[in-house]
Amino acid sequence: MKKVILDVDTGIDDALAISYAVAQPNIEILGITTTYGMAPVEYTCRNTKYILKVLNKDVPVYEGATTPEKRIRVYNGRIHGNDGLGNTLGHVEKIEKSTLEAVEFIIDSTKKYNRDLTIITTGPLTNLARAVNRAPEIMHSIGKIVTMGGAVATPGNVSKFAEANILIDPESADFVFKSNLPITLVGLDVTRKTLLTQDNIEKWKQLGTPSARFFAKFTQYYLDAYGEMHPHLKGCALHDPLAVGVGLYPELVQTVPMRIEVDLSEEALGRTVEDLNIAEEEKPNVSVCLQVDSNAFMEDFFTKVNHMLSIDTSERV
């Protein structure tokens with residue numbers, strides 16, 4: 001079975017990614033590391049634990065970075081709500097912290113599993129950057145990194161150029177890309193081609209279980225926000241679930257090897273761009289996803305998640 005770590009900033013689409021991952025029969029999720037991003041880290045950690053509780057899944061959760069390396073994170077709740085889950089859970093209460101922090105867990109797991117380990121990131125790359133910075137030897141032993149982030153051949157979603165996960169901590173993203181890790185970049189180039197629609201939410205409502213009703217409620221917030229910001233789309237993008245899909249089923253996408261860096265200039269901050277001025281001895285550092293079999297992915301996603309949500313876990317909600 002594949003050994004997997006999810007690094008998340010839960011986040012509505014992170015919650016969907018977690019549900020998709022725990023529905024997979026062929027992987028072992030060693031743990032979920034959390035970071036700030038769509039909400040402060042105490043919220044994303046709480047949200048992650050609550051999603052696992054709702055789904056009756058026992059996976060350890062490790063709290064990670066609270067801030068970007070050099071910048072200030074400002075939250076507005078526009079897309080994911082002030083609590084990160086469509087304002088369904090509200091203000092965070094005090095939660096029990098794990099004895100092991102996220103960066104330590106990533107380092108320890110890499111040393112233990114080496115090439116057998118896949119890390120799937122769906123938030124800012126701060127935790128991964130800190131792990132590589134603290135233990136640089138791990139970058140030569142990780143099996144695979146699948147990162148939801150970037151917009152290489154398409155416009156950004158938080159600026160003309162930038163995708164949210166990259167823009168939140170561009171310095172960490174640039175550091176990670178230049179560390180020669182085995183990265184597959186699942187960016188807006190492909191995630192915008194995978195959509196969750198109102199019909200999908202209605203299906204969850206019809207399932208009638210507490211978990212399905214809860215998923216329908218927080219996802220409706222996400223869909224409504226998309227409707228205001230991107231009325232031309234017929235749904236909301238399954239950004240983070242697609243990263244999980246690519247991590248497990250790489251045949252879903254077609255990739256192109258590129259030498260990617262993050263623009264740190266203020267006029268194009270967070271832009272993920274191919275460096276065409278590389279030296280002859282330098283090699284591509286990222287496999288960029290440019291095509292996706294969206295139908296195959298969405299069929300697998302909804303089949304597995306719908307089945308899981310159809311199981312009554314009311315005693316856990």
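Residues numbered from 1 in each chain as written. Predicted model: local features only at pLDDT ≥ 70, side-chain atom pairs only at ≥ 80, totals over all residues. Heavy atoms only, no water.

Caption draft 1: Broad picture of the overall build of the protein chain. If you tally the helices and strands in the protein chain, you get 11 helices and 12 strands. The C-alpha atoms of the protein chain give a radius of gyration of 18 Å, which matches the 20 Å a tight globule of 317 residues would have. C-alpha atoms of the protein chain, sized along the principal axes, occupy 60 × 45 × 35 Å. Counting only residues that meet the buried cut, the protein chain has 57% of its 317 residues in that class. When contacts within the protein chain are restricted to residue pairs at least 6 apart in sequence, those whose partners lie at least 24 apart make up 83%. Accessible surface, the protein chain: about 13500 Å² in total, of which carbon and sulfur atoms supply 49%. Charge-centre separation for the protein chain: the mean point of 32 positive side chains lies 3 Å from the mean point of 42 negative side chains. (Helix = DSSP H or I, 4+ residues; strand = E, 2+ residues; numbered from the N terminus. Rg over C-alpha atoms; globule rule 2.2 N^0.38 Å. Buried < 20%, exposed > 50% of the residue type's maximum accessible area, 1.4 Å probe, protein only. Contact = heavy atoms within 4.5 Å. Areas by Shrake-Rupley, 256 points an atom, 1.4 Å probe, with all protein chains shown as cover. Lys, Arg positive; Asp, Glu negative; His and termini not counted. Charge placed at Lys NZ, Arg CZ, Asp CG, Glu CD.)

Caption draft 2: Examining the packing of aromatic side chains more closely. A full pass over the atoms with the stated rule returns 11 aromatic pairs. For the pair Phe215 and Phe218, a centre-to-centre distance of 4.9 Å together with 50° between the ring planes defines the contact as tilted. Of this pair, Phe215 and Phe218 both sit in helix 9 (residues 210-229), three residues apart, which is roughly one turn of that helix. Given a relative accessible area of 0%, Phe215 falls into the buried group. Residue classification places Phe218 among the buried positions, given a relative accessible area of 0%. Put simply, the rings of Tyr50, Trp204, Phe214, Phe215 and Phe218 pair up and form one aromatic cluster. (Phe/Tyr/Trp six-rings, centres within 6.5 Å; stacked < 30°, edge-to-face > 60°.)

Caption draft 3: Main features of helix 8 (residues 198-207). All buried positions along helix 8 are accounted for by Asn200, Ile201 and Trp204. Taken end-on, helix 8 shows its buried residues confined to a sector of 100°, consistent with a single buried face. Along helix 8, the residues that are exposed and aim more than 90 degrees away from the buried face are Asp199 and Gln206. Contacts from the buried residues of helix 8 go to helix 1 (12-22), strand 7 (195-196), helix 9 and helix 11 (294-309). Two residues or fewer after helix 8 comes Gly208, characterised by a positive phi angle close to 80°. (Arc of directions from axis to C-beta.)

Caption draft 4: Seen up close, the sheet that holds strand 12 (residues 286-292). The sheet built from eight strands is open, its strands ordered 3-2-1-4-5-6-12-9 with mixed pairing. Strands at the two margins of the open sheet, each flanked by one partner only, are strand 3 (61-63) and strand 9 (253-258). For this sheet, the mean angle separating the axes of adjacent strands, direction not counted, is 25°. By the bridge criterion, six bridges tie strand 9 to strand 12 in an arrangement that is antiparallel. Looking at the pairing, Pro257 lines up with Ser287 of strand 12. (Pairing = 2+ DSSP bridges. Axes fitted to C-alpha atoms, helices over the stretch in contact; angles between N-to-C directions.)

Caption draft 5: Structural view of the environment of Lys144. One can find Lys144 in strand 5 (residues 144-148). For the pair Lys144 and Val186, spaced 42 residues apart in sequence, the C-alpha to C-alpha distance is 13 Å. Contacts of Lys144, omitting those with residues within four sequence positions, involve Lys2, Leu117, Thr118, Ile119, Pro182, Gly247 and Pro250.

Caption draft 6: The arrangement of the pairing of strand 5 in detail. Of all the five residues making up strand 5, four are buried; the element is thus mostly covered by neighbouring parts of the structure. Handedness of the crossover is the feature at issue here: the chain leaves strand 4 (residues 117-121), passes through helix 4 (residues 126-134), returns alongside strand 5, and the resulting connection is right-handed. Relative to strand 6 (residues 183-186), strand 5 runs parallel, the two sharing four bridges. From the neighbouring strand, Thr147 faces strand 6, where its bridge partner is Leu185. (Right-handed = clockwise from strand over helix to strand, strands pointing away.)

Caption draft 7: Inspection of unusual backbone geometry at higher detail. In this structure, the amide linkage connecting Thr10 to the following residue, Gly11, adopts the cis form with an omega of 5°. Structurally, Gly11 can be placed in the loop between strand 1 (2-8) and helix 1. Even without glycine at this site, Asn114 takes up a positive phi of about 50°. Take Asn114: it is sitting in the loop between helix 3 (102-113) and strand 4.

Caption draft 8: Representation of helix 6 (residues 170-177). Counting buried positions along helix 6 gives seven out of eight residues, so the element sits mostly inside the fold. Taken together, the buried positions of helix 6 are occupied by Pro170, Glu171, Ser172, Ala173, Asp174, Val176 and Phe177. Summarising the contacts, the buried residues of helix 6 are in contact with helix 4, helix 5 (164-168), strand 6, strand 10 (260-262), strand 11 (272-274) and strand 12.

Caption draft 9: Spatial organisation of the environment of Phe301. Take Phe301: it is sitting in helix 11. For Phe301, a relative accessible area of 0% corresponds to the buried category. As for Phe301 and Lys3, which are separated by 298 residues in sequence, their C-alpha atoms are 20 Å apart. Not counting residues up to four positions away in its chain, the partners in contact with Phe301 are Leu16, Tyr20, Leu238 and Pro241.

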